[in-house]
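Commentary on secondary and tertiary structure
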Amino acid sequence: MTDVTGVPADVLHTLFHSEQGGHEQVVLCQDRATGLKAVIALHSTALGPALGGTRFYPYATEAAAIADALNLARGMSYKNAMAGLDHGGGKAVIIGDPEKIKTEELLLAYGRFVASLGGRYVTACDVGTYVADMDVVARENQWTTGRSPENGGAGDSSVLTAYGVFQGMRASAQTLWGDPTLRGRKVGVAGVGKVGHYLVEHLLEDGAEVVITDVREESVRRITDKHPQVTVVADTEALIRVEGLDIYAPCALGGALNEETVPFITASIVCGAANNQLAHPGIEKDLVERGILYAPDYVVNAGGVIQVADELHGFDFDRCKKKATKIFATTLEIFARAKADGIPPAAASDRIAEQRMADARRA
């Protein structure tokens, strides 16, 4: 069923009526000359201009793209709040296979749509977009981060994203086992692309035993050619069932924690880089019931957004890394709040983030 605009009614219900909605603005963008179809969703600007990446992905339907943009934008509001940034949450998705339709002209057209928001939205890289793409988008507006150093940017934000996830893992280990090291622990990483392969490096340096899987053969080979001691399994379904797994790190697309996967996870900790890992509200309770400690994704993967936010003020890597190191303390704070309030860590993190946004609105 659709409304008079042709937009599926369930999408409009999500936007205006559900707890997952509450977005300030959603912009549908189209440039027929280049084939651009995009959605820019602004969830909140209470803390400042909405900041979030641009995802380029071949969604099955336009409705799926809109729903993803809404979910991702909302997640960015919470991520930016917990990272201590003066930014609200936003996200954009470009519909289509980037390997087939991505062109310079399309990216320039997208950049003009970002410009039309007048600074309410600041964009960056995400799945399917890269530093070189942001350099192109930035030619049409001043609100693009994640650019190359040659163009005044910070470069690849995956480096600090992985570093932040590693800090979240250390905090999880401290909470569960009383020691922040991953030495001797078996860690499974699902997705060893832009972020995952950097995370593997941190884990190996800390003495962890690493098991990986990825749908892309070249991503797996990049790891195993350099680190032949790393174990490879066929898919995520096999990874979550690995015997003796201590930590499971979902580092691909969202929805990794659902009714089909949670019952079979052998790990005691879930801590990964993927956004929106919980398929729907309630899954975090299933994790608690199984005795699995979940490090909220938008907290531990905030290293990248810390980096791109810093770019707006003149990038300094050491300053960013220092901020990303605080993810360790923030994660510990969330676990302590969850224990004190008798709620899952995801709920505890939401409460802290919501309080910061509410305080900003009242200021």
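Predicted, not measured: the structure shown is a model, and the values here were computed from it.

A few words on the overall build of the protein. Scanning the protein from terminus to terminus reveals 15 helices and 12 strands. A principal-axis box enclosing the C-alpha atoms of the protein has dimensions of 55 × 45 × 45 Å. Taking all contacts inside the protein whose residues are at least 6 apart in sequence as the whole, residues at least 24 apart take part in 64%. Carbon together with sulfur atoms contributes 50% to the accessible area of the protein, which is approximately 15,600 Å² in total. Of note, the protein has its 35 positive side-chain charges centred 4 Å away from the centre of its 46 negative side-chain charges.

It is worth spelling out the packing of aromatic side chains at this point. Scanning the model with the defined rule gives 3 aromatic pairs in all. For the pair Tyr78 and Tyr298, a centre-to-centre distance of 5.8 Å together with 65° between the ring planes defines the contact as edge-to-face. Here the residue Tyr78 occupies a position in helix α2 (residues 62-82), and Tyr298 occupies one in helix α11 (residues 297-300), the gap between them amounting to 220 residues. Tyr298 matches Tyr78 in its accessibility class, with the two residues each being buried. Just above the ring of Tyr130 sits the side chain of Lys194; from NZ or CZ to the centre is 4.6 Å. Over the ring of Tyr163 we find Lys321, and its NZ or CZ is 5.0 Å from the ring centre.

As a further point, take the state of the cysteines. Applying the stated criterion to the full structure yields 0 disulfides. Cys271 carries a free sulfur, and the closest cysteine sulfur to it, the one in Cys251, is 8.4 Å from it.

One open sheet holds the 6 strands; their spatial order is β9-β8-β7-β10-β11-β12, and the pairing between them is parallel. For this open sheet the edge positions go to β9 (231-232) and β12 (293-294), each flanked by a neighbour on one side alone. With 4 bridges joining them, strand β7 (residues 186-190) and strand β10 (residues 247-250) adopt parallel strand pairing. Directly across from Val189, in β10, lies its bridge partner Ala249.

Time to look at the confidence of the model for the protein. The pLDDT averaged across the protein works out to 93; a share of 96% of its residues lies at or above 70. Segment residues 1-6 is flagged for pLDDT under 50; beyond a separation of four residues in sequence, or across chains, it makes 6 contacts in the model.

Here Asn141 is to be found in the loop between α5 (131-137) and α6 (158-177). At a separation of 3.2 Å, a polar atom in the side chain of Asn141 contacts the main-chain carbonyl oxygen of Gly111. Here the side chain of Asn141 touches Thr144 through a polar contact of 2.9 Å, side chain to side chain. Among all residues touching Asn141, those that are not within four sequence positions of it are Gly111, Val114 and Ala115.

A few words now on the nonpolar core. Met169, Val189, Leu199, Leu203 and Ile212 are the most contacted members of the largest nonpolar core, which totals 30 residues. For this core, the elements supplying multiple residues, two or more each, are α6, β7, α7 (196-205), β8 (209-213), α8 (217-226) and β10. The biggest single contributor to this core is α6, with 5 residues. Residues in contact with Met169, not counting those within four places in the same chain, are Leu182, Val187, Leu199, Leu203, Ile247, Ala249 and Cys271. Within the second largest apolar cluster, 22 residues are counted, among which are Cys29, Ala92, Ile94 and Leu106.

Reading guide: rules and limits
- For every chain, the first residue of the written sequence is number 1, and numbering continues from 1 along that sequence.
- For this predicted model, a pLDDT threshold of at least 70 governs which residues receive local features, and a threshold of 80 or more governs which side-chain atom pairs are given and counted, while totals over whole chains, interfaces and linings are taken from all residues.
- To get the side-chain values, take all heavy atoms of the structure and skip hydrogens and water.
- Numbering of helices and strands starts at the N terminus; helices are DSSP runs of H or I of at least 4 residues and strands are runs of E of at least 2.
- Contacts are residue-level and defined by heavy atoms, with any inter-residue pair within 4.5 Å sufficient.
- Accessible surface is estimated by sampling points in the Shrake-Rupley manner with a 1.4 Å probe; for residues, cover comes only from the protein chains shown.
- Asp and Glu count as negative and Lys and Arg as positive, but His and the ends of the chain are not part of the count.
- Every charge is mapped onto a representative atom, which is NZ of Lys, CZ of Arg, CG of Asp or CD of Glu.
- Centres within 6.5 Å are what make two rings of Phe, Tyr or Trp a pair, Trp counting through its six-membered ring; a difference in plane orientation under 30 degrees is then read as stacked, over 60 as edge-to-face, and the rest as tilted.
- Exposed residues in this analysis have more than 50% of their type's maximum accessible area, buried residues have under 20%, and partly exposed residues fall in between, with area computed by a 1.4 Å probe over protein chains only.
- To sit over a ring, a charge needs its Lys NZ or Arg CZ within 6 Å of the ring centre and within 35 degrees of the ring normal.
- Any pair of cysteine sulfurs within 2.5 Å is marked as a disulfide.
- Strand pairing follows a simple DSSP-based rule, namely that at least 2 bridges must link the two strands.
- For every residue, the pLDDT score states the predictor's confidence, bounded by 0 at the bottom and 100 at the top.
- Think of a polar contact as two N or O atoms within 3.5 Å of one another; within protein, one of them needs to be a possible hydrogen donor and the other a possible acceptor, and neighboring residues in sequence only count if both atoms come from side chains.
- Residues belong to one nonpolar core when they are buried, are Ala, Val, Leu, Ile, Met, Phe, Trp, Tyr or Cys, and are joined through side-chain atoms within 4.5 Å.

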